[in-house]
Amino acid sequence: MTTGARDVAAGAFDPLFARAVQKVTVLGATGSVGQSTLDVIARHPDRFEVEALVANSNVAELARLARLVGAKLAVVSSEAHGPALRDALEGSGIETAWGAQAVLEAVDRPADVVLGAIVGFAGLEPTLRALKAGRSLALANKECLVCAGDLFMSEVERHDVTLLPVDSEHSAIFQVFEAENAGQVEKIILTASGGPFRTWSLDAMQSATVAQALKHPNWDMGSRITIDSATMMNKGFEVIEAFHLFPLGAEQLDVLVHPQSVIHGLVQYKDGSLLAQLGSPDMRTPIAHCLAWPERMSVPVERLDLAAIVSLSFEAPDLIRFPALRLAQEAMRRGGGATAVLNAADEVAVAAFLNGRIGFMDIPASVEATLEAMEPRYGASAPMRIEDVAALDQEARAICGTWIAARAS
């Protein structure tokens, strides 16, 4: 049994499938990843049954999805929306609950696979709670590894959990990382579309609107991750995740802009071989890979027609126009709690941009200001308690909020 992607990559995997039908719990069920997951599950009722669905406050969608897959339990974290969920599912036979404690209790219910897709720092505690011996965790919550990578991976190892990456880029690396040749890997390359502003000048990006930033050229995602893709902070987060997921050093992690989003990740070996995973930009493919692991299963995604593709292009990322990627790489190298500060400041800054309080390029500027202000606080040692991570998170949010208020005044 593996203790995570690092050990799977090193060949320490022993398939764990005690049940013909797998019980699945989905955290973040109404988000884009959650909905794609349930679309896959609904197409394979012979393989999966849904134990619990957890969402924040989207009652109507949660109720629809719970009925679609016949979930046993539906939970909203928002206390205020609980009664509406109860009413929406009345007569369905589906249990309902609400509040933070109900979310944790849902995580504790028996499940073979938990998919963690709650967005933001709010997903850290319930996803940590999902680390139970004998389970597989399909991880889509970036903050678990960005904010608390050392803590999270130590818990994965302690509970002997099978950790499978959902992000298309990490899934791609996972699929072409040769277990028997892990020590022969020279580097891994995460690809990035470049987002909606890939060809924009720095001056033009200064005045980019929310609507323009939300028009991702290839992927349909939630608001925060779409803005993070536009700044390329999301790619920086993915580099940090890869650092924890795979047995490589920071200097072995690279980023390549690939506008077509056909190649999702590459592994370069010492003999010069470069292995790549290709596919249409559809999250159902990496999700299905996690749910069916170590097998494969049918998914109705558009098949890649290489003969119809005119060209595939690549370019190095521009760290002047996209300083967020540089900030993420620097935070990863600094260690300690720097990446927790990075994430907290980014969450605050993205929300401020979406609300029209700051400009697009103020997002990385506010993150950099917060990192500089908190440098004496996050130290060289990674926080190994969730309380310590939360303290850094709250302080960073306050400092970033103060910077934004001054900027907006």
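Residues numbered from 1 in each chain as written. Predicted model: local features only at pLDDT ≥ 70, side-chain atom pairs only at ≥ 80, totals over all residues. Heavy atoms only, no water.

Peer 1: Got a sec to walk through the confidence of the model for the protein? Specific residues and values, please.
Peer 2: Across the protein, the average pLDDT comes to 92, with 95% of residues at or above 70. Low pLDDT, under 50, characterises residues 8-19; the stretch is placed with 32 contacts to residues that sit more than four places away or in other chains. (pLDDT = per-residue confidence, 0-100. Contact = heavy atoms within 4.5 Å.)

Peer 1: How would you sum up the packing of aromatic side chains? Please name residues and give values.
Peer 2: When we look at a pair of aromatic rings, we describe it by the centre distance and by the angle of the planes. Enumeration over the complete set of coordinates arrives at 5 aromatic pairs. Ring geometry for phenylalanine 197 versus tryptophan 200: centroids 4.5 Å apart, planes at 55°, classification tilted. A relative accessible area of 0% means that phenylalanine 197 is categorised as buried. Classification of tryptophan 200 by relative accessible area gives partly exposed; the value is 25%. Note on phenylalanine 197 and phenylalanine 360: the rings are 4.9 Å apart at their centroids and 80° apart in plane angle, and the pair reads as edge-to-face. Of the two residues, phenylalanine 197 sits in the loop between strand S8 (185-192) and helix H9 (202-206) while phenylalanine 360 sits in the loop between helix H15 (338-354) and helix H16 (362-378), which places them 163 residues apart along the sequence. (Phe/Tyr/Trp six-rings, centres within 6.5 Å; stacked < 30°, edge-to-face > 60°. Buried < 20%, exposed > 50% of the residue type's maximum accessible area, 1.4 Å probe, protein only. Helix = DSSP H or I, 4+ residues; strand = E, 2+ residues; numbered from the N terminus.)

Peer 1: Lay out the environment of glutamate 157 in plain terms, naming residues and giving numbers.
Peer 2: Within the fold, glutamate 157 resides in helix H7 (residues 143-159). Sequence separation between glutamate 157 and serine 261 is 104 residues; the distance between their C-alpha atoms is 33 Å.

Peer 1: Break down the side chain of glutamate 169 for me, citing the residues and quoting the values.
Peer 2: Among the secondary structure elements, glutamate 169 is positioned in helix H8 (residues 168-176). A residue is classified by how much of its surface remains accessible, and glutamate 169, at 10% relative accessible area, is buried. Beyond its immediate stretch of four places on either side in the chain, glutamate 169 contacts Leu190, Thr191, Lys235, Glu238 and His264.

Peer 1: Tell me about the packing of helix H11 (residues 223-231) against helix H12 (residues 233-245), and please be specific about residues and values.
Peer 2: Look at H11 against H12: their axes get within 5 Å of each other, and the N-to-C directions meet at 95°. When the interaxial angle is binned, H11 and H12 end up roughly perpendicular. Between H11, through Arg224, Ile225, Asp228, Ser229 and Thr231, and H12, the contact on the second element is made entirely by Met233, Asn234 and Phe237. A breakdown of the residues in the contact of H11 with H12 according to their chemical character gives 3 nonpolar, 3 polar and 2 charged. (Axes fitted to C-alpha atoms, helices over the stretch in contact; angles between N-to-C directions. Parallel < 35°, antiparallel > 145°, perpendicular 65-115°, else oblique. Nonpolar A, V, L, I, M, F, W, Y, C, P; charged D, E, K, R; others polar.)

Peer 1: Tell me what's going on with empty space enclosed by the protein, and back it up with residues and numbers.
Peer 2: A full pass over the atoms with the stated rule returns 1 cavity of 30 Å³ or more. Within this model, the largest cavity holds a volume of roughly 40 Å³. Lining the largest cavity, in full, are Gly194, Arg198, Met232, Val257, Glu315, Ala316, Pro317, Asp318, Arg321 and Phe322. Across the lining of the largest cavity, the residue classes tally to 5 nonpolar, 1 polar and 4 charged. (1 Å grid on protein atoms, 1.4 Å probe; cavity = no way out; pocket = protein on both sides within 12 Å on 5 of 7 lines; lining within 4 Å. Points joined across faces, edges and corners; volume = space filled by probe spheres on them.)

Peer 1: Lay out the pairing of strand S5 (residues 113-116) in plain terms, naming residues and giving numbers.
Peer 2: Taking every second residue as pointing to the same face, both faces of S5 are buried, with Val113 and Leu115 on one and Val114 and Gly116 on the other. As paired elements, strand S1 (residues 22-27) and S5 share 4 bridges and run parallel to each other. Residue pairing for S5: valine 26 is matched across the bridge by leucine 115. Where the polypeptide runs from S5 across helix H6 (residues 124-129) and back to strand S6 (residues 136-139), its parallel neighbour, the crossover connection is right-handed. (Pairing = 2+ DSSP bridges. Right-handed = clockwise from strand over helix to strand, strands pointing away.)

Peer 1: An account of a nonpolar patch on the surface is needed here, citing residue identities and associated values.
Peer 2: A contiguous nonpolar patch, built from Leu278, Leu304, Leu306, Leu312 and Phe314 and spanning about 400 Å² of accessible area, is present on the exposed surface. With respect to the helices, strands and loops of the structure, leucine 312 is situated in the loop between helix H13 (284-292) and helix H14 (323-334). With relative accessibility at 31%, the residue leucine 312 sits in the partly exposed group. (Patch = residues over 30% accessible without salt bridge, like charges linked within 9 Å, V, L, I, M, F, W, Y side chains within 5 Å. Areas by Shrake-Rupley, 256 points an atom, 1.4 Å probe, with all protein chains shown as cover. Salt bridge = Lys/Arg side-chain N within 4 Å of Asp/Glu carboxyl O.)

Peer 1: Break down the sheet that holds strand S2 (residues 48-55) for me, citing the residues and quoting the values.
Peer 2: Spatial ordering of the open sheet is given by S4-S3-S2-S1-S5-S6-S7, a layout of 7 strands whose pairing is parallel. Edge positions in the open sheet fall to strand S4 (95-98) and strand S7 (162-165), since each of these has one partner strand only. The average angle at which neighbouring strand axes cross in this sheet is 20°, direction not considered. Where H7 meets the sheet, its contacts fall on S6 and S7, and the angle it forms with S6 comes to roughly 170°.

Peer 1: With reference to specific residues and values, describe the layout of surface pockets.
Peer 2: Counted as a void, the second largest pocket has a volume near 330 Å³. Lining of the second largest pocket is provided by 23 residues; of these, Gln277, Leu278, Thr285, Arg296 and Val301 occupy positions nearest its centre. Looking at the lining of the second largest pocket, the elements with two or more residues in it are H8, strand S11 (274-278) and H13.

Peer 1: Got a sec to walk through the pattern of salt bridges? Specific residues and values, please.
Peer 2: Per the stated rule, a full pass over the model turns up 33 salt bridges. Residue glutamate 155 pairs with arginine 158 through a salt bridge whose shortest N-O separation is 2.9 Å. Linking glutamate 155 with arginine 158, this pair stays in helix H7, spanning 3 residues, or about one helical turn. Through salt bridges with shared partners, a single network forms among Glu143, Arg224, Asp228, Asp346, Glu347, Asp393 and Arg397.

Peer 1: Give me helix H3 (residues 59-69): which residues, what numbers.
Peer 2: Among all positions in H3, only Val59, Glu61, Leu62, Ala63, Leu65, Ala66 and Val69 are buried. Looking at the packing, one finds that the buried side of H3 touches helix H2 (32-42), S2, strand S3 (73-76) and helix H4 (82-88). In the stretch just after H3, glycine 70 is the one whose phi turns positive, near 65°.

Peer 1: With reference to specific residues and values, describe the sheet that holds strand S9 (residues 253-257).
Peer 2: Spatially, 4 strands are ordered S9-S8-S10-S11 in an open sheet, and the strand pairing comes out mixed. A single partner strand is all that each edge strand has here, and the edge strands are S9 and S11. Between one strand axis and the next, the sheet turns by 20° as a mean value, whatever way the strands run. Taken together, the 5 bridges between S8 and S9 define a ladder with parallel strand orientation. If you follow isoleucine 188 over to S9, its bridge partner there is leucine 253. Across the sheet, H8 is in contact with S8, strand S10 (263-269) and S11; its angle to S10 comes to roughly 40°. Relative to the sheet, H12 contacts S8 and S9, its axis offset from that of S8 by approximately 150°.

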